[in-house]
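Now for the letters of each chain:
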Amino acid sequence: MTSGAANTLNQFLEVPYDSQMNRTKDRVLVRGLLSTPHAFVFAVASGGAGVLLLSLAVNPIVGLLGLSNLILYSFVYTPLKRLSILNTWVGSLVGAVPPLMGWVACTGSLDPGALVLAALLYSWQFPHFNALSWNLRPDYSRAGYRMMCVTDPAICKRTTLRHAVALVGICSGAAPMLGLTTWTFAVDSLPLNAVMVYLAWRFYREGDSQSSRRLFRFSLIYLPIVMLLMFLSRKQLYESKKE
């Protein structure tokens, strides 16, 4: 419900700009299939109910994280897209919060393992989104969005490669060292991360539509597979602590 509220507020605030992009021109608010007052009321009701449910039915920390992410996405990331390329870093923070919420929902506290999951989601978003946005540069430029791919393509490519390399350290270093997984995961995840780094390097060197599409498509299958490997190699540390 909080995610739905954030997405609704994002589209509520961006109707004039969404209408200028091929990717978003068919959204319901742009086409007038739903009025903006109705959308706003839905966002307020859904967001309020979502945060309340998270706080009462799960725990207050999860509710606070949900509220913080709703505000961060709707009122920081959304307007920042038209002001600075820092919007991508803020947007990646938004994507890193849900694993923290899930962890706190299960354990009741924030532990180092939660930070590993958040770091994984944070770094994954750079090759994922930068590759996606690369072929949408005309759209973003026309709508006035300050995306890396538009304002500084070199930074876009460098950042993509850096975070692809960071994924290796997170999976093969931080995850087993902080007790989230066994060392089996460090080895099992290496082939996936090697492919990610290779495709990111190709994107960095070539910077064309083909290399960006290959990287984007691989990023879609990378995340569920690496999460499955992490689950299979999970360490029972936190269950043991409870006992």
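That block above? That's the structure.
Residues numbered from 1 in each chain as written. Predicted model: local features only at pLDDT ≥ 70, side-chain atom pairs only at ≥ 80, totals over all residues. Heavy atoms only, no water.

Caption draft 1: Spatial organisation of the overall build of the protein. Helix and strand counts for the protein stand at 14 helices and zero strands. Ordered by position from N to C terminus, the α and β elements of the protein give α-α-α-α-α-α-α-α-α-α-α-α-α-α. The globule rule puts the C-alpha radius of gyration for 243 residues at 18 Å, and the 19 Å found for the protein is close to it. Along the first, second and third principal axes, the C-alpha set of the protein runs to 55 × 50 × 25 Å. Looking at the protein residue by residue over its 243 residues, the buried ones come to 46%. Of the roughly 11,900 Å² of accessible surface on the protein, a fraction of 66% belongs to carbon and sulfur atoms. The averaged location of the 11 negative side-chain charges in the protein is 6 Å from the averaged location of its 21 positive side-chain charges. (Helix = DSSP H or I, 4+ residues; strand = E, 2+ residues; numbered from the N terminus. Rg over C-alpha atoms; globule rule 2.2 N^0.38 Å. Buried < 20%, exposed > 50% of the residue type's maximum accessible area, 1.4 Å probe, protein only. Areas by Shrake-Rupley, 256 points an atom, 1.4 Å probe, with all protein chains shown as cover. Lys, Arg positive; Asp, Glu negative; His and termini not counted. Charge placed at Lys NZ, Arg CZ, Asp CG, Glu CD.)

Caption draft 2: Layout of the pattern of salt bridges. For the structure on display, the rule yields four salt bridges. Close ionic contact of Lys81 with Glu14 constitutes a salt bridge, the shortest N to O distance being 3.0 Å. On the criterion of sequence distance, the pair formed by Lys81 in the loop between α5 (60-80) and α6 (87-107) and Glu14 in the loop between α1 (2-13) and α2 (15-18) is long-range, its members being 67 residues apart. You'll find Lys81 and Glu14 in the same group, each marked buried. Across the pair Arg27 and Asp18 runs a salt bridge whose closest N-O atoms are separated by 3.1 Å. (Salt bridge = Lys/Arg side-chain N within 4 Å of Asp/Glu carboxyl O.)

Caption draft 3: Focus on α5. Compared with the 30 Å implied by 1.5 Å per residue over 21 residues, the 28 Å span of α5 between its first and last C-alpha is a close match. Maximum bend of α5: about 30°, positioned at Leu72. Of all the residues in α5, the buried ones are Val62, Gly63, Leu65, Gly66, Asn69, Leu70, Ser74, Tyr77, Thr78 and Leu80. The backbone nitrogen of Ile61 lies 3.1 Å from a side-chain oxygen of the residue at the head of α5, namely Asn59. (Expected span 1.5 Å × (residues − 1). Bend = angle between axes of the 7 residues up to and from the residue. Polar contact = N/O pair within 3.5 Å; in protein donor to acceptor, adjacent residues only side chain to side chain.)

By themselves, these observations are geometric and do not establish any function.
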